[in-house]
Amino acid sequence: MDIGNALLTFSQLALGLAGFSAILVALSGRPHLWTPVDSFRIKNMLTFAFEAVFLSLVPFVLAFFAISESVLWRISLAVLAAATLGGTLLVLGRFSRLSQSERAVLRPSLVYGNVAILCAASLFEVVAALGIVGTAPGVFFTGLVVLLGVAVFLVVRFLFARPPA
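Below, the structure is looked at part by part. (Residues numbered from 1 in each chain as written. Predicted model: local features only at pLDDT ≥ 70, side-chain atom pairs only at ≥ 80, totals over all residues. Heavy atoms only, no water.)

**Things to note about the overall build of the protein chain**
Along the backbone of the protein chain there are seven helices and zero strands. Counting all 165 residues of the protein chain, 41% fall into the buried class. Expressed as a percentage of contacts within the protein chain between residues at least 6 apart in sequence, the contacts between residues at least 24 apart total 81%. Summed over its atoms, the accessible surface of the protein chain is roughly 8600 Å², and 73% of this surface lies on carbon and sulfur atoms. (Helix = DSSP H or I, 4+ residues; strand = E, 2+ residues; numbered from the N terminus. Buried < 20%, exposed > 50% of the residue type's maximum accessible area, 1.4 Å probe, protein only. Contact = heavy atoms within 4.5 Å. Areas by Shrake-Rupley, 256 points an atom, 1.4 Å probe, with all protein chains shown as cover.)

Written as structure tokens, this is what we have:
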């Protein structure tokens, strides 16, 4: 399989999800009218959808710098790990600013489950970036799939797990 084509295909898929998320945002009304729970969900689904889009392009950008393939993947993994961890910290920060009743609507076990998955992915990406795991392209692609999976999960929760009116 050609890794470049797989990453471009993935980028297109992630962009489609990001576009769909943006349509959901546009249809959900004016931002100042969003509930705190909707705001939390919207910000997070857009964060992870757009992270998946742009991070899938990192190896292509690095390829223009004529660095070796192993260095390219190690840098790509380090960038992916940092962005994944950064997005995870944003989730935790946003979650901590919600009231107890708003957190209950989101089901904290699901939020912390996603955080655990994202942290595990970041750790695995760091391990691969350090060269401890020898399948850097596979780990990179898996990390992107995790980001996209979290974004899809958030879209589904936004659509179907609505707080009572």
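**Some details on the nonpolar core**
By size, the foremost hydrophobic cluster in this structure holds 39 residues, and its most contacted members are F40, F48, L77, L106 and L147. Of all the elements in the fold, those that place two or more residues in this core are α1 (3–27), α2 (36–55), α3 (58–63), α4 (69–96), α6 (108–129) and α7 (136–160). Examining the composition of this core, we find that eleven residues originate from one element, α7, more than from any other. Filtering out sequence-adjacent residues up to four positions away, F40 remains in contact with V91, R94, F95, L98, L106 and V111. (Core = buried A, V, L, I, M, F, W, Y, C linked by side-chain atoms within 4.5 Å.)

**Let's talk about unusual backbone geometry**
The phi dihedral of A66 falls on the positive side, at around 50°, and the residue is not glycine. Taking relative accessible area as the criterion, A66 reaches 71% and is therefore assigned exposed. For R107, which is not a glycine, the phi torsion comes out positive at approximately 60°. Tracing the backbone shows R107 in the loop between α5 (100–106) and α6.

**Concerning the packing of aromatic side chains**
Counted under the stated rule, the structure contains four aromatic pairs. Where F95 meets Y112, the ring centres are 5.5 Å apart and the plane angle is 80°; that geometry is what we call edge-to-face. Linking F95 in helix α4 with Y112 in helix α6, this pair joins segments that are 17 residues apart in sequence. Classification of F95 as buried rests on a relative accessible area of 3%. Given a relative accessible area of 45%, Y112 falls into the partly exposed group. A network of ring pairs unites the aromatic residues F40, F95 and Y112 as a single cluster. Sitting over the ring of F95, R103 keeps its end group 5.6 Å from the ring centre. (Phe/Tyr/Trp six-rings, centres within 6.5 Å; stacked < 30°, edge-to-face > 60°. Lys NZ or Arg CZ within 6 Å of the ring centre and 35° of its normal.)

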